[in-house]
Each structure stands twice: as structure tokens, then as C-alpha cells.
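Observations on the model geometry
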Amino acid sequence: MSGPTESSDTPTAAPEAKAAAVNTMFTAIAPRYDLLNHLLSFGVDLWWRKVGTEALGPLGPGQTALDLACGTGDFALQIARVNREANVVGADFVEPMVEIARHKGAAAGLAHRVRFEQGDAMGLRYADASFDGITCAFGVRNFGDLQKGLAEMARVITPGSRMVILEFTTPTNRLFGALYRFYFTKVLPFLGGLLSGRRSAYEYLPDSVYKFPDPPAFIRMLEEAGLTEVTFRPLTFGICGLYAGTRA
Ligand SMILES: C[S@@+](CC[C@H](N)C(=O)[O-])C[C@H]1O[C@@H](n2cnc3c(N)ncnc32)[C@H](O)[C@@H]1O
């Protein structure tokens, strides 16, 4: 596993410094983000978002979901495709990511139901209970203050609404885990660096995954944020985890 990188543009532990570094990093890789995402995950990330959409459950006519840390919009658009009469708001604090998401929403003919805007998970500008469901794919790991971000996510959904989080996890099978670790800490930073010109971003990825709370600890954090019936489902040999719960 790669150790923490020391460069000044790499996210560090302090909340504000981490947020600033994460923002700079995603601003830099935004133009190549989609290509690298699908390439380095062999396209399986698209399936993960489909499973996440199922876990969110159906949204009725006029209902609205928030996809936080929406990046280039794939999860928000997937939710809108499946829930044909619902609305989706995608929010992310990196404007170049949001801009790409807007273009994709328009190209998909979904701009009338999917709105993309800038927003920071550390202080969402939405009123309490504004949404009927909330999702976040591969975003929470990047929050400056994880528990604060989860509390914000719970705050903006109505009681009884679903919260669905996709996040990288560490495979538990020893052999597969060792192979994956080699890919994740050696091959991926090399290829990611080559294609994006920002190797530090693809060193940060495995480093942040190995530092992230394990599933039982993260489930406790979700419960602390106000969720009940929290479930965890490992996907693709446990390299990704699907967390879902209901707002009490
Ligand atoms: C790995 S990307 C995931 C993007 C998208 N959800 C996906 O599935 O491809 C992480 C995203 O989290 C966003 N992010 C990180 N911290 C954030 C915060 N505090 N508020 C809003 N967005 C944040 C980044 O800008 C980036 O777009």
C-alpha cells in the first residue's frame, strides 16, 4: 500500500486543509474523470450505481432526490432514468465537475428533471427535510469532516427517506485482497498518473480507502447521524460497499 503522499496538493488530515486539497485535486482531474473512472474500474462502476439506484427505492411523481458529491453526474442521471417522474438535484463543491454533469444532463435530455449545482457537504444550503432520498457515490471518503457530512445528509431528507452510500471497501479474501492491493496501489496510480497527469490523485485514492472506517464502524457513524435499519452489502468481491439506511 502506498503511504501518505507529502505533496502540498494532496489531501491531508485537517478538515479544512483536506477539503481544499480535495477541491484542487478534483478540479484538476475533472476533464479526464469519466474516462479514468470507467477505464480503471473496467466499467463496473456503472453497475454499482445501478445497484445503488435500486437500494434507494422508487421515487414517486414530483419527489426529489439529492445526489451529493455528484461529480460528473452519473449517479444522479441513473436515478432520473429509472424514476421517470421524479426530480434529482446533483450537488458538488467542484464547479468543473458540475459543469460536465450539466452537459451530460442536457445531452441525455434530462435537464428538465435533473439540476446540477455547486454545494458543499459541510454546510448544505437546503432546508431541513427538503428531499425524499439522498445518495452519495465515492464522495463521503473525501469529506473534511465525515460525521458532519453524514449529519448534513440526514438533515436534508424527510423522516422515512432512504440514504444510499457507495464507497470503496477492502476485500476480505486474502488472495484476492493481495492481488487487488497490487492493482490499487501500484497499477492504478501509474495509469491514473499517466492519463490524468496527476499521479498524486491516484495515490490519494487507495490511501484514503485504507484510512476509511471499516463497515461496522461506518455503520455506527450512519446510525449516529440518525439512520435506522442500516445495511451493508459488499459488491464485486468486496472492493465496493453499498450502505443503505432509513432516516428515523
Ligand atoms: C470520487 S468523486 C465521485 C463523483 C461521483 N459521485 C461519481 O460517482 O463518480 C468524489 C466527488 O466528491 C466531491 N466532494 C468531495 N468533498 C465534497 C464536499 N465537501 N462537498 C461536495 N462535494 C464534495 C468531489 O468534488 C468529487 O466530485
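Structure shown above.
Quick caveat, the model's predicted, so the values are computed rather than measured.

This part covers the sheet that holds strand β5 (residues 157-168). Pairing is mixed in the open sheet, where seven strands are placed in the order β3-β2-β1-β4-β5-β7-β6. Either end of the sheet is taken by a strand with one partner, and the two such strands are β3 (114-118) and β6 (227-235). Here the average twist between neighbouring strands, direction ignored, is 15°. As paired elements, β6 and strand β7 (residues 240-247) share seven bridges and run antiparallel to each other. Paired with Leu227 across the strands is Arg247, a residue of β7. Sitting on the sheet, helix α2 (residues 44-56) touches β1 (64-68), β4 (131-137), β5, β6 and β7, and the angle it makes with β5 is about 160°.

For helix α1 (residues 15-40), spanning 26 residues, the distance from its first C-alpha to its last is only 28 Å, which falls clearly below the expected 38 Å at 1.5 Å a residue. The sharpest bend along α1 comes to roughly 75°, located at Ala30, with the proline Pro31 sitting one to four residues further on. Just beyond α1, the residue with positive phi is Phe42, at close to 60°.

A few words now on the packing of α1 against helix α4 (residues 95-107). Relative orientation of the contacting elements α1 and α4 amounts to 25°, with a least axis distance of 8 Å. By the angle class used here, α1 and α4 are roughly parallel. Of the residues in α4, those touching α1 at Phe26, Thr27, Ala30, Pro31, Tyr33 and Asp34 are Pro96, Met97, Ile100 and Lys104. Taken together, the residues of the contact of α1 with α4 sort by class into seven nonpolar, one polar and two charged.

One pass over the full model with this rule turns up 14 aromatic pairs. Judged by centre distance (4.7 Å) and plane angle (80°), the rings of Phe218 and Tyr243 are edge-to-face. Of this pair, Phe218 sits in helix α8 (residues 215-224) while Tyr243 is found in strand β7, placing the two residues 25 residues apart along the sequence. For the pair Phe218 and Tyr243, a shared accessibility class is recorded, and that class is buried. Taken together, the ring pairs connect Trp48, Phe138, Phe168, Phe176, Tyr180, Phe184, Tyr210 and Phe237 into an aromatic cluster. When the ring centre of Tyr210 is taken as origin, the NZ or CZ atom of Arg181, which lies over that ring, is 4.2 Å away.

Rules of the game
Residues numbered from 1 in each chain as written. Predicted model: local features only at pLDDT ≥ 70, side-chain atom pairs only at ≥ 80, totals over all residues. Heavy atoms only, no water. Pairing = 2+ DSSP bridges. Helix = DSSP H or I, 4+ residues; strand = E, 2+ residues; numbered from the N terminus. Axes fitted to C-alpha atoms, helices over the stretch in contact; angles between N-to-C directions. Contact = heavy atoms within 4.5 Å. Expected span 1.5 Å × (residues − 1). Bend = angle between axes of the 7 residues up to and from the residue. Parallel < 35°, antiparallel > 145°, perpendicular 65-115°, else oblique. Nonpolar A, V, L, I, M, F, W, Y, C, P; charged D, E, K, R; others polar. Phe/Tyr/Trp six-rings, centres within 6.5 Å; stacked < 30°, edge-to-face > 60°. Buried < 20%, exposed > 50% of the residue type's maximum accessible area, 1.4 Å probe, protein only. Lys NZ or Arg CZ within 6 Å of the ring centre and 35° of its normal.

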